Amino acid sequence: VSWSDLWQDSPDANTTTRAVYGHVAVALSTKHVLVLGGKLERRTRPEEPLPVHLFDAQHRRWSVLTKPHGTQSPCIRWGHCACLISSGVLLLGGFNSVYNLCDCWLFQPTSCTWCKVALGHNIEVRSFASAVAVSSNEARGQRPDSMIVFGGQWCNGGPYEYLNEVLK
């Protein structure tokens, strides 16, 4: 394994600086990576929309994806999980410095639109969980259609509580 600094060599290195942690990165293809949310180096307001960036690995270019005016989107967050399924990018949970979040959203990369997804059963708020995409159909070439979520944590003014769950 060898590493190279794609950021340093990027034409956007001096114009799109974005120190961030707690974000998720989802490969949309072998050439495009979607980066959702994360804790920014500046103070944020809980009602700010979730930042969405696209990295074009072939051309080493970053772009900010902006939702269409008047459409809904999840609030800024970090510690969330996400994965690519057949219908888009599924995002769950996280934290935004005020709230532990227990919401689920589906992002359509081609239109930059979000749709809030109803959770089928009660799920506890969580951040810093892990998720993978799986297919309920074993057909060869079938894109995953659901998400499995592992663990996570949450805090409500006291010590962290760690979740020992696997959910689909």
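Data block above holds the structure.
Residues numbered from 1 in each chain as written. Predicted model: local features only at pLDDT ≥ 70, side-chain atom pairs only at ≥ 80, totals over all residues. Heavy atoms only, no water.

### Concerning the overall build of the protein chain
What counts, and what does not: Only DSSP runs of H or I covering at least 4 residues are called helices, and only runs of E covering at least 2 are called strands; the numbering of each starts at the N terminus. Note on exposure labels: buried denotes an accessible area under 20% of the residue type's maximum, exposed denotes more than 50%, and partly exposed covers the range between, all computed with a 1.4 Å probe on protein chains only. Contacts are assigned to residue pairs that have any heavy atoms within 4.5 Å of one another. Computed by Shrake-Rupley with a 1.4 Å probe, the accessible areas treat only the displayed protein chains as cover when residues are assessed.
Regarding its fold elements, the protein chain presents 0 helices and 15 strands. By residue count, 38% of the 168 residues in the protein chain fall in the buried class. Put simply, 47% of the contacts in the protein chain that link residues at least 6 apart link residues at least 24 apart. Summed over its atoms, the accessible surface of the protein chain is roughly 10,000 Å², and 53% of this surface lies on carbon and sulfur atoms.

### Let's talk about the pattern of salt bridges
Test applied: Throughout this description, the term salt bridge denotes a Lys or Arg side-chain nitrogen within 4 Å of a carboxyl oxygen of Asp or Glu.
The final tally for this structure, using the stated rule, is 2 salt bridges. Where Arg126 meets Glu165, a salt bridge forms, and the shortest distance between an N and an O atom there is 2.4 Å. Residue Arg126 is found in the loop between strand E10 (113–117) and strand E11 (130–134), and its partner Glu165 is found in the loop between strand E14 (161–162) and strand E15 (166–167); the two are separated by 39 residues along the sequence. Using a relative accessible area of 3% as the deciding quantity, one classes Arg126 as buried. Overall, Glu165 belongs to the partly exposed group, its relative accessible area being 26%.

### Points about the side chain of Ser127
Within the secondary structure, Ser127 sits in the loop between E10 and E11. The class of Ser127 is buried, set by a relative accessible area of 4%. Look past the residues within four positions of Ser127 in its chain and what remains in contact with it is Gly79, Gly94, Phe95, Gly152 and Gln153.

### Details of the sheet that holds strand E2 (residues 24–27)
Filter applied, for reference: Strands qualify as paired when DSSP identifies two bridges or more between them. Structural elements are reduced to axes, namely lines fitted to C-alpha atoms, with helices fitted over the stretch in contact, and the angle between N-to-C directions of any two is expressed from 0 to 180 degrees.
Taken in spatial order, the 4 strands of this open sheet run E2-E3-E5-E6, and their pairing is antiparallel. For this open sheet the edge positions go to E2 and strand E6 (61–64), each flanked by a neighbour on one side alone. Across the sheet, the mean angle separating the axes of adjacent strands is 25 degrees when strand polarity is ignored. Both strand E3 (residues 32–36) and strand E5 (residues 52–56) contribute to a ladder of 5 bridges, which runs antiparallel. Paired with Val33 across the two strands is Phe55, which belongs to E5.

Treat this as a map of the structure, not an account of what it does.
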